Amino acid sequence: MHLQASLYEGLVSSSAFSRMSDIESGCKVEEYHQQQAPEAPTLATQEVLPRFIFSSSPVVYFETYGCQMNVNDTEIAWSILQKGGYLRTPELSEADVVLLVTCSVREKAEQTIWNRLKQLTALKKKRLKANAQLKIGILGCMAERLKTELLDKEKLVDVVAGPDAYRDLPRLLTLAHGGQRASNVLLSLEETYADVMPVHSSGHSAFVSIMRGCDNMCSFCVVPFTRGRERSRPVSSILEEVRMLSDQGVKEVTLLGQNVNSYRDISESQFTTSEISSHLSRGFSTVYRAKQGGLRFTELLDRVSLIDPNMRIRFTSPHPKDFPDEVLQLIQERTNICKQIHLPAQSGSSRVLQTMRRGYTREAYLELVENIRKIVPGVSLSSDFITGFCGETEDDHRQTLSLLRQVGYNIGFLFAYSMRKKTHAYHRLQDNVPPEVKQKRLEELISVFREEAAKVNSTLIGSTQLVLVEGESKRSSQELCGRNDGNLKVIFPRKDLPLQPADTSAVPVKDGDYVLVKITAANSQSLRGQAISHTSLSDSKKAEELPNEQAAAC
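The structure contained in this document is the topic of the report that follows. Here the structure is a predicted model, which means the values were calculated and not measured. Within any chain, residue numbers begin from 1 and follow the written order of that chain's sequence. With the structure being a predicted model, the display of local features is reserved for residues of pLDDT at least 70 and the display and counting of side-chain atom pairs for 80 or more, all residues being used for whole-chain, interface and lining totals. No hydrogens and no water enter the side-chain calculation; it runs on all heavy atoms of the structure.

1. A word on the overall build of the chain
The way it works is that DSSP assigns letters per residue, a run of H or I at least four long becomes a helix, a run of E at least two long becomes a strand, and they are numbered from the N terminus. For the chain, the helix and strand inventory stands at 15 helices and 22 strands. The classification of residues rests on relative accessible area computed with a 1.4 Å probe and restricted to protein chains. Under 20% of the type maximum is buried, over 50% is exposed, and intermediate values are partly exposed. In the chain, which comprises 554 residues, the proportion classed as buried is 60%. Split by element, the accessible area of the chain, about 21300 Å² in all, is 50% carbon and sulfur. In short, Shrake-Rupley with a 1.4 Å probe defines the accessible areas, and a residue's cover is counted only from the protein chains shown.

Set out below in C-alpha cells:
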C-alpha cells in the first residue's frame, strides 16, 4: 500500500515542487535519494501583512506534506480552486487562504502539521489586528482522521477537507470567509477525480494518479481509514492526461496509487463482463475475495507506454502480491518502462509478516525477487521496512537484516514503527518494543542497507547509463544531476555535449535532456560519471554498443 515516500515528514511549498519521490525523511536512510524540501519558514522571517495582489479574487497558498499522492492531490485541489476563481501565490505573505495537504502515516508527520498550525495561527492573529483576514485549511489524510480535534478542540483551522472532498473546497471556503468553520471528510466509494485535470507544475516529471484507496488492511496501516476503499480511475481519463503531459514536453510520468498494481477499471461494460479474476504473485494471498472483471494494470501500463516512446514510465507504490508474470514481461519488453521495481517487504520474518497481515512469507517474497530478476535482468529494486513492529523479537530483527543482505536493494525506506489509531494493530496488538530498541534496530538496518547498496551500485561502475537531467547539483554549480533508469541519482560535470557520440560540435545540457553518462564511481547514495553525449530514450539502445557496457545499464 505504501507509496515510496509515504512515511515522509517533510514539506514542499507551493514554490518548490521538486519531485516528491526525491524527498524522504523519517530516518533519512538514503540521503542520495533526497532533494530536500525547504524548511517551513518561521514567522519571524515573514511579513505579517500581505503584499496585496491587485485583484478581487481570493489568493491561495499551498504547503504539501507527505507522499507523491499528496503532490497530485495538491494539483487536483488547485485545478478545482482555479476554476472557482482563485489565484495562487508562492508567497505566504501574499495569501489570504493557506491550505496544508497533510499526511497521517506516522505520528511525527502529524506533529509537524500541529507545529506548523501554531505558527500560522500566530500569523492569523497578527493579521486580524491589522484588519486583514487569513483562513487556514487542512486537506488530506490528517483532515479525515482528526476532524474533531482540528475544528472543535484546538480551533486552529477554518476548513477541513478529506481526500475525497476537494470538489467541495469552493463551498467550504465560502463558508469560512463568512465566519463559519466548515468541513467535509466523507470518504467515497467512487471518487477518482477522473474529470479533473490536475494543474501540473513540476518540470519535466509528473505524477498521474490512477487509483485511490487501499483494500489490503495491513495491520500497521492507517491508509484504508484515511483514503477509503480501492477504486480505479477510468483508463480513458488516464490516457488523456498522459497525452497532455507528453504534448507539454514532460519526459517522465509516474503512475500513482496506494496499491498501484491492483488497478482494475470497471467503468465500461466490456471491462465488467470479463471473467478474469485477480492474478496474484505465487505464494501470496489477500484478506479479500478475488475480484472479477475489469481492465487490469498490465493493460493500462501497456497503453500508457505506447503514447510516447521518449517518455519514461514509472509506477508506485505497488504491493508484492500483484506482480504476475505478464506485468514483469511487459516491463522487460518496453524500453520506456523503467527497469526499477519498488517491492515493499516491511519485514524479513515470516512471523512478523503474518502479524502485519501482509499475505506472504519470507520464502514467497524471495521467490518473487528471484522471478523478477529472471524476467527483468539488471532490474533495480527498492523496498520499505518497518522495524520494531508489535512483538518483534531480536531474532525477527536479525531475519530482516539477513533479507536486506540476501536481496541487495539499490534504494531503501526504513522506519521505526509508529502505532496509528483505527488500525488493526491499534485494536488488537501491543506496541511493546521500547523506543530505544526501535532506534537501535533502525540504526542497524540503515547500516546494513548502506553496506549492501554500496555493493550493488558499484556493479554499475564502467557501465553507460541513460540519465534524465533534473538540474544543478546541490553541492556544486559546476555539476549536474539526474536519474538513471533504476532511479539512482547520477552526478556528472557540467559541460557542453555532442548530439551524438561521434559528433564534433557540442551544445549545452538543459533540464529535461537525456544524456549518456559513463559511470566512474559509486556509493550507497549515488553514482558519479562523465557525460558522453545527448541522446533520446528511443535511441538509448545505442548505448549498449559502447565498450564496457554491463547488463545493468539502461
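Let us keep going from here.
2. Here's the deal with the packing of helix α1 (residues 68–83) against helix α5 (residues 169–177)
An axis is simply a line fitted to the C-alpha atoms; with a helix, the fit covers only the stretch in contact. Between two such axes, the angle follows the N-to-C directions and lies from 0 to 180 degrees. Between α1 and α5, whose axes approach to 9 Å, the crossing angle comes to 65°. Viewed along their axes, α1 and α5 adopt a mutual orientation that is roughly perpendicular. Here Ala77, Ile80 and Leu81 of α1 come into contact with α5, specifically with Leu169, Pro170 and Leu173. Split by residue class, the contact of α1 with α5 holds six nonpolar, no polar and no charged. Every angle not falling under 35 degrees, over 145, or within 65 to 115 is termed oblique; those three ranges are roughly parallel, roughly antiparallel and roughly perpendicular. In this analysis, two residues are considered to be in contact whenever any of their non-hydrogen atoms come within 4.5 Å of each other. Residues are grouped as follows: Ala, Val, Leu, Ile, Met, Phe, Trp, Tyr, Cys and Pro are nonpolar; Asp, Glu, Lys and Arg are charged; all remaining types, including Gly, are polar.

3. Thoughts on the pairing of strand β18 (residues 464–472)
For β18, the buried fraction is high: seven of the nine residues fall into the buried class. Where β18 meets strand β21 (residues 514–522), five bridges bridge the pair, whose relative direction is antiparallel. Considered in β21, the bridge of leucine 468 is made with tyrosine 514. Strand pairing is defined by DSSP finding a minimum of two bridges between the two strands. Here β18 pairs with strand β19 (residues 479–483) via four bridges, running antiparallel. In the sheet register, leucine 468 faces β19, and the bridge partner there is arginine 483. Counting the residues that bridge the hairpin from β18 to β19 gives six residues.

4. Let's talk about the environment of aspartate 325
Along the chain, aspartate 325 turns up in helix α10 (residues 325–333). Measuring from C-alpha to C-alpha, the distance between aspartate 325 and isoleucine 375 comes to 8.0 Å, with 50 residues separating the pair along the chain. If near-sequence neighbours (up to four positions away) are discounted, aspartate 325 is found in contact with Arg282, Asn371 and Ile375.

5. A short note on the pairing of strand β22 (residues 527–535)
Bridging between strand β20 (residues 489–493) and β22 involves two bridges; their strand directions are parallel. Bridge assignment links isoleucine 491 to a residue of β22, and that residue is arginine 528. Bridge count between β21 and β22: eight bridges; the pairing is antiparallel. Looking across to β22, one finds that valine 515 is bridged to histidine 534. In sequence, β21 turns back onto β22 through a hairpin of four residues.

6. Some words on helix α2 (residues 107–129)
For an α-helix the count is 3.6 residues per turn, leaving residues at separations of three or four pointing the same way. For α2, spanning 23 residues, the distance from its first C-alpha to its last is 34 Å, which sits close to the expected 33 Å at 1.5 Å a residue. A positive backbone phi angle near 60° is found at asparagine 131, which sits one or two residues after α2. Each helix should span, by expectation, one fewer than its residue count multiplied by 1.5 Å.

7. Things to note about unusual backbone geometry
Backbone torsion omega between threonine 316 and serine 317 reads 0°, so that peptide bond is classified as cis. Tracing the sequence through the fold places serine 317 in the loop between β14 (312–316) and α10. Even without being glycine, asparagine 131 reaches a positive phi, approximately 60°. The class of asparagine 131 is exposed, set by a relative accessible area of 76%. The phi angle at tyrosine 193 is positive, at roughly 55°, despite the residue not being glycine. Relative to the helices and strands, tyrosine 193 resides in the loop between β7 (182–184) and β8 (205–209).

8. Looking at the sheet that holds strand β16 (residues 380–387)
To summarise the sheet geometry, strands pair through backbone hydrogen bonds and adopt either a parallel or an antiparallel arrangement. Here three strands make up an open sheet; going across it, the order is β15-β16-β17 and the pairing parallel. Looking at strand neighbours, the two that pair on one side only are β15 (340–342) and β17 (411–416), the edges of this open sheet. With strand direction ignored, the average angle separating the axes of adjacent strands in the sheet is 10°. Across three bridges, the pairing between β15 and β16 is parallel. Bridge pairing in β16 places glutamine 340 opposite serine 380. Sitting on the sheet, helix α15 (residues 435–458) is in contact with β16 and β17, with an inclination near 175° to β17.

9. What to know about the pattern of salt bridges
Salt bridges, as used here, are contacts in which a Lys or Arg side-chain nitrogen is within 4 Å of a carboxyl oxygen on Asp or Glu. Counted by the stated rule, this structure contains 34 salt bridges. Among the salt bridges present, the one from glutamate 252 reaches arginine 314, with a minimum N-O distance of 3.0 Å. With glutamate 252 in strand β11 (residues 252–256) and arginine 314 in strand β14, the pair connects residues that are 62 residues apart, well separated along the chain. Judged by its relative accessible area of 1%, glutamate 252 is buried. Residues joined in a network through salt bridges with shared partners are Glu392, Glu394, Arg398, Lys440, Arg441 and Glu444.

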